Structure formats: C-alpha cells, structure tokens
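# Close look at the chain arrangement
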Amino acid sequence: MAIDATSVTLRSVTKSYGQAIAVEGIDLTINRGEFVSMLGPSGSGKTTTLKMIAGFEAPNSGQITFDGDDVTNVAPEKRNIGVVFQNYSLFPHLTVGQNVAFPLKMRKVPAAERAKRVADALALVELAGYERRRPDSLSGGQQQRVAIARALVFEPSLLVMDEPLGALDRRLREVMQLEIKALHERLGVTVIYVTHDQEEALTMSDRIVVFSQGRVEQVGTPREIYDEPATEFVADFVGESLALTAAWTGTDVVAENVGGLSIAAPDLPTGPVRVLWRPHAISLEPISDAHEIHVRARVLTSGYAGGVVRARIALPTHDEGIVSIPAVGGDYTTGASIDLYLRADRAIVVPTDGRATPSDLEASPSDMEASPNTLEAFGADHG
Amino acid sequence: MVTARVRDGRSAASPLLVMPLLTLLAIFFLIPLGTVVVRSFTYPADAGLANYVRVLTDPVSLQYAGNTFRMALIVTVLAVIIGYFYAYAMYKSRPGWRIFLLFAALLPFWTSLLVRSFAWTVILRDTGIFNQLLIGLGLIDEPIPLLRTSFAVTVGMTQILLPFVILPCWAAMARVDAGLLSASRSLGAGPVATFWRVFVPLTAPGAAAGAVLTFILAVGYYITPVLLGGPADQPIAVLIESAVQQRGDWGTAGALATLVLIAVVLLLAAGWGLLARAFLSRKEA
C-alpha cells in the first residue's frame, strides 16, 4: 500500500450541544505520519474532537485543515479518512470481503483490482482467505482486524480510531496494540487514536493529547506527559503517583508537618501546589547518594494483591494515597507505620487545580515489576 | 441480518408458557380451519374433489380470485413503498414529530374497519370532499366518478393497511446502529449510497415482514372492496360469503377457502425465497 499521509490542524475549534459545551477552543497540530493519542476520561471532549476531524460533526466555530486545506465543512465521504469504531461497525448484511470492498466500490475501483486489494488488506491484518465469512462468525479481535482492513484498503491519508480496543479483553488488547503500532510503522499513515486508557496511550503514541472538560490539558510525548505533567489533572490521570499538598512560597516548597521540601524551585506563581512522586521515585529505605524527603505514613487499610500489599495510607500532610508495597516486607496492617523516602530530584510540582480527582475514573491495576525498594503508588487526592 | 438476542434462561420454560395460547389456537383456529378443509371434500357427502374441480373450472371464481390477488399485490407494493418512507420520515424526525407521526399512523387503527371504509366513501363519492375540492378549485366541472372503482379500493385498502408496514419498518429502523451509517460515510459513500447500500438492506427484513402481513390481510379483505369497489373489484371473499349465506353450500365455500389458503402459502414461500436469495447470497465483491 502506498499511503500519502496528511497533517491535521485544529484552530480554536469549539463545539457545543445546546447549552452543553463539548469542546472549547481546541488548538492542535498533528504532523504527517504521526501517531497521536487523544486521552481523557469520558465526557472530556476527545470523541467529539475525533468526530469533527472525521466529519461526523461540524464545529460551531474554528477551523480544521488537512495539509493546509480547509475541511471544516467537508462531508465525511470526501475526506478520505479511515475510521475504526469501538464496536467495529462492520456491515452485518455483507461478508468480510464485501465489507472490505465497500470503500473500493464507492471509489469505483474495477472488480479485478478490487478483489486483489481486498485480499491484500486482509493479508495485512492476518485474515487472508476470510473473504466469504460473515462478520458475526468472527471473534471480537478478528472483527476489529476486518474493520482495520476496511479502513486502510482505500489507502486513506489519515486513520482515525475511536477506542478501537475498548470491547476486547485485556490480553487481546495488548496484542492488538502492538499490531496497530506495527501497521502504523509499516504504512506511515497519520493515526489519531482516541482512548481513555493511559497505558494504551503511553505504549502506542508518538505524542499524547490529554483532554479534560472539553479542553486540551497538555500535549507531549509519552515521556513528557508522564515525567513532566503540566497540571494536577494530567499527573493524576496519566500514571500512578503519590501526592502531597504543599505551598510554593517563592523561595521554598513547604508542606504541613513535613516542612521545607528543598526541591528545585518550580516555575510557577506562588500559591498552593501539589508535589507528586512516580512509583520509581519512592523507596522504603533511604538511598545514600540521593537527597530524599522522609515522610512517615500510617496504614489506614490494606489488602494482599498478589505479590504486593495494596495499602491506603495517611500522610502527615493530611493527604491520603494508595501504595503497593512488596509483600515480602511485612503485612502492613491497619495502624502500622511506613517510612517513605521520596527523591527530591524526581519531585513533580503542579499547581493545585481544585478539581475532582480522576483516579476514581481510571483505576487500572498496574502490572509494573516491584523491586523491594520501590513502591507503586497512585495518588488518592483528598487534600 | 437482524441481530436476535436469545435469552437462554427463558428457553426451558417457554414451551409450557405458550400452552394456554396453543390450546386457544387449537380450539378457535385449527379445529375450525380443519372443519372447513374437511367439508370441502365431504359436502355433499360424496363430493371428493368435485368441489375443487367445479371451482377451478368456473370462470367466475377464477375472475374473483384474480381480482383478489391482483388487488392484494398492488396494495402490498403501494403500502410497502409508502409505509417504508413514512417510517423513514419518523426515523429522521425529531422526537416530538416522531410521536406525532406515530400517533397519526396509528389513529385509524383505533376506529373500526367499517367506519374507516365508510369514511373513504364520504371522501370519494361524487358529492364528497375530494370532488368538491377539485370543482371548487375550478379544475373540473363534473365530479369524477371515484367510488366503485379499483382506484377507490386501492386507496382505501392501502391506507387501512399502512400501519402494518409502518410499524415493522419503524421497529427495524429504530434498531439500526447509527455507527454503521457513520462508517459508510467515512468509507466514501454519500448520503444516497449509504441509504441504499446500508440502511435499506439493514431494514429490509422489517419491510418484508410488513409486506407479508399486508398481503395476507389484503387477500382476506371483504368490507373495504365491497364498499368501495365496482363489480370488477369484488374479492373472492364475496363468493365464499354468498356460497355460505345464500346457498348454504359449505363444500364450495370450503374449497374456495382452502385454495386461497394454499395460494397464499405458496406465494409467501416464493416471496421469502426471493427475499432470502436477494439478501443472503449476493454476488461476491
């Protein structure tokens, strides 16, 4: 397949349904051949943005361009975009082969060439020879592969995927993530991938756009989003962390009952802040050559979670958090004390946004390897 | 085609649950039907196939049968076309309008068939609303004779039978996954191609169900063609009625009824076969 990838630009795109504003003032540039994930909780505007890019919805204001051409009001069938939907959206009245041939028929591709390209597209998703099968006789993973073949067979310049793996079980999802990534690398098509699964976004993307409440919260590479979250929301939504409520005085970051944290001065106006540590920056024992902040936490509740003990802890700053502690270290019953050593050079400082924590929305269990000195933690923001 | 969700938990109990209904059907439907069929061979006692031979060679009954099936076919085609697009208008409407359209379609259902048929005579007769309107507009000088014509029967029966098409069509449309229509558009099909290649095939089973219902009902129609039609529009039901009511000839009536039943079953089987071939085994892409 020869795909001529397109770039996509959104300029102050706004969409509202009656009184409800779905997205507000979205500015975004997606480069040619890039794999960009739109990440956010449900209702954050990521799917609405995708629908406007695909042409299913028209923005109330703003402009969308492909390679500089204004497509804001162009009908979806004229945009040359492959769309993959969460529930596959295969035509139940057509066979697999007819489904994949559908976009070619619409483009009046001659029958002989059509058959060849259908076979090629099915081979691409490892379903060669499935032409005569009915979609409902295939498994969920196979159906989604057919949907991907159908979305790619006409060599679109942009592939848009709306939570394509949402309906699949975890194991299959991980396999498909790698398959989609491999397809992207092979074909070079621009991909816009909507998901609410932060792990999926981190694994697959060149860049991630984090959405919250109809706005873009942060755009960055997975590493930037994880290591340098711009806001409390991004820090909470992407990855796990332990957070302290603190205040930035202009000279020092001070937390209640802990005192000055002696961490690098944040580039923020003075005021209330949150200081976060990712699991790899938290230890149970001091490491001699690193400057660490020692806090003593108290276990509120705990439970064995297979190799680790998952404990809700109270911090001296009156924050609460959840940590996963390697189970070899003790049983960490209610009331027990845990000493935590937080690496000062890995501290992430974000302004307090005063919004509800997204951790209730996104409580995916972590499969991270836990070494005896490392804690897995994700913040439970009660500050 | 249409996804049917089978609830396994209920299947074990269902044969028992339908027993009362089956009993009722047996007593009030199957036994009378059986009696009709039996009498077509045994009335008079030595009839055998004589009733059938007489009916099938009688030009009058053949002509009436022709009237019946011709009219049923015309009405079915018209009702399916009009009813499908009526349901589509409901599908496309905002919820408020949709309820109004549904109500408008169902309203005639709640009045008796006789009243509805008489209503059409009021509209279509020489001094009726239709002719008055045309005369009032100066389009015609003399009333057009509409009553006692095939036109009147067609219009009346189509209108009366429309809900039987609208409801199954609407039910099929309401189940259509809007995502499939979006998918079609994204794959390069414009609104018209999406309608014909995706929406219509997905909702065709609803239309087919409506067609079957309409056809069966139309074949058995009696009051409406008698009230609205002329001599050339009289249905076979008239012959059956006169055989029973005027001559007490249960044999002829039974033979006619049995033949109509057989013809309907055969036509339906042929119709289903055509539909199945049209939608299940299309030419490979």
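Fair warning: this is a prediction, and the values are worked out from it, not measured in the lab.

## Here's the deal with the interface of chain A and chain B
- Facing 29 residues of chain A, the contacting portion of chain B comprises 25 residues.
- Buried surface at the junction of chain A and chain B, summed over both partners, amounts to about 2200 Å²; 62% is from carbon and sulfur atoms.
- Area buried by chain A at its contact with chain B is led by Glu77(A), His93(A) and Met106(A), which between them contribute 28% of it.
- Taken together, the connections running from chain A to chain B amount to one salt bridge.

## Considerations on the nonpolar core
- Ranked by size, the top nonpolar core spans 66 residues in total, and within it Ile148(A) and Leu152(A) carry the most contacts.
- Those residues in contact with Ile148(A) that lie beyond four places of it in its chain are Val84(A), Val125(A), Met161(A), Met176(A), Ile180(A) and Leu183(A).

## Considerations on helix α9 (residues 150–174) of chain B
- Across its 25 residues, α9(B) extends 35 Å between first and last C-alpha, which sits within 8% of the 36 Å expected from 1.5 Å per residue.
- Its maximal kink placed at Leu161(B), α9(B) deviates by approximately 40°, while the proline Pro163(B) follows within four residues.

## Here we look at the packing of helix α5 (residues 59–92) of chain B against helix α6 (residues 95–106) of chain B
All names here are of chain B.
- Contact geometry of α5 with α6 gives a least axis separation of 8 Å together with a crossing angle of 155°. Considered as vectors, α5 and α6 are oriented roughly antiparallel to each other. The element α5 and its partner α6 pack so that their crossing is left-handed. Each of Tyr86, Ala89, Met90 and Tyr91 in α5 lies in contact with α6, whose residues at this interface are Arg98, Leu101, Leu102, Ala104 and Ala105.
- Tallied by class, the residues present in the contact of α5 with α6 amount to eight nonpolar, no polar and one charged.

## Some thoughts on the pattern of salt bridges
Residues and elements named next belong to chain A.
- Enumeration according to the criterion identifies 18 salt bridges over all chains in this entry.
- A salt bridge links Asp319 to Arg274, with the shortest nitrogen-to-oxygen separation between them at 3.2 Å. Placement of Asp319 in the loop between β17 (308–314) and β18 (320–326) and of Arg274 in strand β14 (residues 271–277) is noted, with a sequence separation of 45 residues between them. By the burial criterion, Asp319 is buried, and Arg274 matches it.
- One salt-bridge network, held together by shared partners, links Glu232, Arg274 and Asp319.

## Focus: the pairing of strand β2 (residues 20–30) of chain A
Residue and element names in this part refer to chain A.
- In this structure, strand β1 (residues 8–17) lies alongside β2, joined through seven bridges in antiparallel fashion. Looking at the pairing, Val8 lines up with Ile30 of β2.
- Where β1 hands over to β2, the hairpin turn is made up of two residues, of which Gly18 adopts a positive phi near 60°.

## A few points about the packing of α9(B) against helix α11 (residues 191–219) of chain B
Residues and elements named next belong to chain B.
- The geometry of α9 relative to α11 is characterised by a closest axis approach of 8 Å and an angle of 150° between their N-to-C directions. Taken together, the axes of α9 and α11 lie roughly antiparallel to each other. The chirality of how α9 crosses α11 is right-handed. For the pair α9 and α11, the contacting residues are Met157, Leu161, Phe164, Val165, Pro168, Cys169, Ala172 and Met173 in the first and Phe199, Thr203, Gly206, Ala207, Ala209, Gly210, Leu213, Thr214, Leu217 and Ala218 in the second.
- Residues that form the contact of α9 with α11 fall into these classes: 14 nonpolar, four polar and no charged.

## Details of the environment of Phe164(B)
All names here are of chain B.
- For Phe164, the position within the fold is in helix α9.
- Look at Phe164 and you get partly exposed, because its relative accessible area is 23%.
- Taking the C-alpha atoms as reference, Phe164 lies 20 Å from Pro235; in sequence the two are 71 residues apart.
- With residues near it in sequence (within four places) discarded, Phe164 still touches Phe109, Gly210, Leu213, Thr214 and Leu217.

## So, the sheet that holds strand β13 (residues 259–260) of chain A
Residues and elements named next belong to chain A.
- The five strands are arranged β13-β12-β11-β14-β20 in an open sheet whose pairing can be described as antiparallel. The sheet is open, and its two borders are formed by β13 and β20 (348–351), each paired with just one other strand.
- Across two bridges, the pairing between strand β11 (residues 242–248) and strand β12 (residues 253–255) is antiparallel. Residue pairing across strands places Trp248 opposite Val253, the latter belonging to β12.

## Notes on the sheet that holds strand β10 (residues 215–220) of chain A
Residue and element names in this part refer to chain A.
- Pairing is mixed across the open sheet formed by six strands, whose spatial order is β6-β7-β8-β3-β9-β10. Since the sheet does not close on itself, it has two edges, and those belong to β6 (81–84) and β10, each with one partner. In this sheet, neighbouring strand axes are inclined to one another by 15° on average, regardless of whether the strands run parallel or antiparallel.
- The pairing of strand β3 (residues 35–39) with strand β9 (residues 207–212) spans four bridges and is classified as parallel. Paired with Leu39 across the two strands is Val210, which belongs to β9.

## Considerations on unusual backbone geometry
- Between Tyr43(B) and the following residue, Pro44(B), the backbone shows a cis peptide bond with an omega angle of -5°.
- Structurally, Pro44(B) is set in the loop between α3 (19–42) and α4 (50–57).
- Unusually for a residue other than glycine, Ser89(A) sits at a positive phi of about 50°.
- Locating Ser89(A) in the fold gives a position in the loop between β6 and α2 (96–106).
- Taking the relative accessible area as the measure of exposure, Ser89(A) reaches 1% and is therefore buried.
- Positive phi, close to 50°, is recorded for Glu155(A), a residue that is not glycine.

Parameters and conventions
- Residues numbered from 1 in each chain as written.
- Chains lettered and ligands numbered in written order.
- Predicted model: local features only at pLDDT ≥ 70, side-chain atom pairs only at ≥ 80, totals over all residues.
- Heavy atoms only, no water.
- Contact = heavy atoms within 4.5 Å.
- Buried area = accessible area lost by both parts, 1.4 Å probe.
- Salt bridge = Lys/Arg side-chain N within 4 Å of Asp/Glu carboxyl O.
- Core = buried A, V, L, I, M, F, W, Y, C linked by side-chain atoms within 4.5 Å.
- Buried < 20%, exposed > 50% of the residue type's maximum accessible area, 1.4 Å probe, protein only.
- Helix = DSSP H or I, 4+ residues; strand = E, 2+ residues; numbered from the N terminus.
- Expected span 1.5 Å × (residues − 1).
- Bend = angle between axes of the 7 residues up to and from the residue.
- Axes fitted to C-alpha atoms, helices over the stretch in contact; angles between N-to-C directions.
- Parallel < 35°, antiparallel > 145°, perpendicular 65-115°, else oblique.
- Left-handed = near helix turned anticlockwise from the far one by under 90°.
- Nonpolar A, V, L, I, M, F, W, Y, C, P; charged D, E, K, R; others polar.
- Pairing = 2+ DSSP bridges.

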